[in-house]
Amino acid sequence: MKELQDAIAGLLPAVVAAGIRPEGCPAWLWRPGRVECAGAWEAVSTIYRALTGLVLPKQAPAREWRRLDLVLTYEDGQQQILEVDEKQHFTSARALTLEHYPSTVELGFDAARWLARSRDLTGREPGGGYAEPRPPLFPGDGGRHRQRAFRDALADLLPAGHGWLPTVRISATEVGSVITAPNPASSLSTLLGERGVPGHGLVSPPAVPERIGPNE
């Protein structure tokens with residue numbers, strides 16, 4: 001649900017010292033092929049083969065363009081992707097991608113938790129438009145699930161090769177906890193700090209005012 005993405009985007013100006021670009025995407029992730037994947041090509045190709053049984057073409061088809069939830073640009077020029085993962089991002093296809101991640105990849109989320117959640121929801125993936133074919137790379141039933149999982153993997157594996165910070169992911173459950181916290185900005189700041197947003201990229205959110213009793 002875009003409402004969750006919008007909720008985080010609305011809090012970010014009070015939390016990060018960064019330019020905030022919703023629905024953005026760097027050129028190297030727009031339609032990544034062999035050149036854009038660089039050192040991650042072998043891992044990306046292996047993941048694609050595991051998802052589809054096919055060989056990944058060295059040049060992505062024109063229709064494979066995509067957008068990200070949020071792109072952060074810090075004052076020192078460093079950049080970072082921030083994604084809000086709703087239920088449709090936790091599927092058997094996503095579990096498969098995570099199982100093939102190189103052990104050396106740096107991530108802005110707990111891959112073990114994402115894997116466990118994806119396994120828990122395997123077999124309960126949403127149908128309809130969430131699962132329709134996405135040819136030419138992801139034909140057949142469940143194509144959209146495989147496409148989404150593959151795109152998530154690209155957003156996780158490619159940033160380091162382009163000088164970007166590790167991609168940060170926040171689950172829908174975590175968004176709920178943030179926005180219902182006594183101080184949502186402080187809660188989000190803590191979460192982002194734990195996920196790898198650099199210290200210089202965080203703004204200290206205002207403290208929750210103390211409640212004053214009637215006789216004080």
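Keep in mind the model is a prediction, meaning the values are calculated, not measured.

Visitor: Help me get a handle on the overall build of the protein chain, residues and values and all.
Guide: Within the protein chain, the secondary structure is distributed over nine helices and four strands. Secondary structure elements in the protein chain, listed N-terminal to C-terminal, are α-β-α-α-α-β-β-α-α-α-β-α-α. Taking 216 residues into account, the globule formula puts the C-alpha radius of gyration at 17 Å, and the protein chain, at 18 Å, falls close to it. Oriented by its inertia axes, the alpha-carbon framework of the protein chain measures out at about 70 × 40 × 30 Å. Looking at the protein chain residue by residue over its 216 residues, the buried ones come to 46%. Taken as a whole, the protein chain presents about 10,700 Å² of accessible surface, with 53% of it coming from carbon and sulfur.

Visitor: How would you summarise the state of the cysteines if you had to cite specific residues and measurements?
Guide: Scanning the entire structure with this criterion turns up zero disulfides. As a non-bridged cysteine, Cys25 has Cys37 as the owner of its nearest cysteine sulfur, 12 Å distant. According to the relative accessible area criterion, Cys25 is buried, its value standing at 11%. On the basis of relative accessibility, which here comes to 4%, the residue Cys37 falls in the buried class.

Visitor: Mind laying out the side chain of Arg195, listing which residues take part and the relevant values?
Guide: With respect to the secondary-structure elements, Arg195 resides in helix H9 (residues 184-195). On the basis of relative accessible area, Arg195 is assigned to the buried category, the value being 10%. Not counting the four nearest positions on each side in its chain, Arg195 is found in contact with Gly108, Phe109, Arg113, Trp114, Val168, Arg169, Ile170 and Glu174.

Visitor: Explain the pattern of salt bridges to me, and be specific about the residues and the numbers.
Guide: Taken as a whole, this structure holds 11 salt bridges when the rule is applied. One salt bridge connects Asp156 with Arg94, and the closest N-O pair in it is separated by 2.9 Å. Placement of the pair is Asp156 in helix H7 (residues 143-157) and Arg94 in helix H5 (residues 92-99), with a sequence separation of 62 residues. Arg94 carries the same exposure label as Asp156, and that label is buried. Between Glu174 and Arg195 there is a salt bridge; the shortest N-O distance is 2.5 Å. In this pair, Glu174 is assigned in helix H8 (residues 172-179) and Arg195 in helix H9, connecting sequence segments 21 residues apart. Comparing Glu174 with Arg195, the two get one shared label, buried. Ionic contacts of the salt-bridge type, sharing partners, join the residues Asp85, Arg94, Asp152, Asp156 and Arg169 into one network.

Visitor: Hey, could you go over H5 for me, with residue numbers and the actual values?
Guide: Among the residues of H5, Ala93, Arg94, Ala95, Thr97 and Leu98 are the ones counted as buried. For H5, the secondary structure elements touched by its buried residues are helix H4 (41-52), helix H6 (111-120), H7 and strand S4 (168-171).

Visitor: Quick rundown of the sheet that holds strand S2 (residues 70-74)? Include the residues and the values.
Guide: Across the sheet, which stays open at both edges, the four strands sit in the order S1-S2-S3-S4 with mixed pairing between neighbours. Single-partner strands in this sheet number two, and they are strand S1 (18-22) and S4. Direction aside, neighbouring strands of the sheet carry axes that sit 20° apart on average. Pairing analysis gives five bridges linking S1 to S2, with the strands arranged antiparallel. Looking at S2, one finds that Ala18 is bridged to Tyr74. Relative to S4, H8 is tilted by about 75°, and along the sheet it contacts strand S3 (79-85) and S4. In the packing of H9 onto the sheet, contacts are made with S3 and S4, and the angle to S4 comes to roughly 135°.

Scoring rules and cut-offs
Residues numbered from 1 in each chain as written. Predicted model: local features only at pLDDT ≥ 70, side-chain atom pairs only at ≥ 80, totals over all residues. Heavy atoms only, no water. Helix = DSSP H or I, 4+ residues; strand = E, 2+ residues; numbered from the N terminus. Rg over C-alpha atoms; globule rule 2.2 N^0.38 Å. Buried < 20%, exposed > 50% of the residue type's maximum accessible area, 1.4 Å probe, protein only. Areas by Shrake-Rupley, 256 points an atom, 1.4 Å probe, with all protein chains shown as cover. Disulfide = S-S within 2.5 Å. Contact = heavy atoms within 4.5 Å. Salt bridge = Lys/Arg side-chain N within 4 Å of Asp/Glu carboxyl O. Pairing = 2+ DSSP bridges. Axes fitted to C-alpha atoms, helices over the stretch in contact; angles between N-to-C directions.

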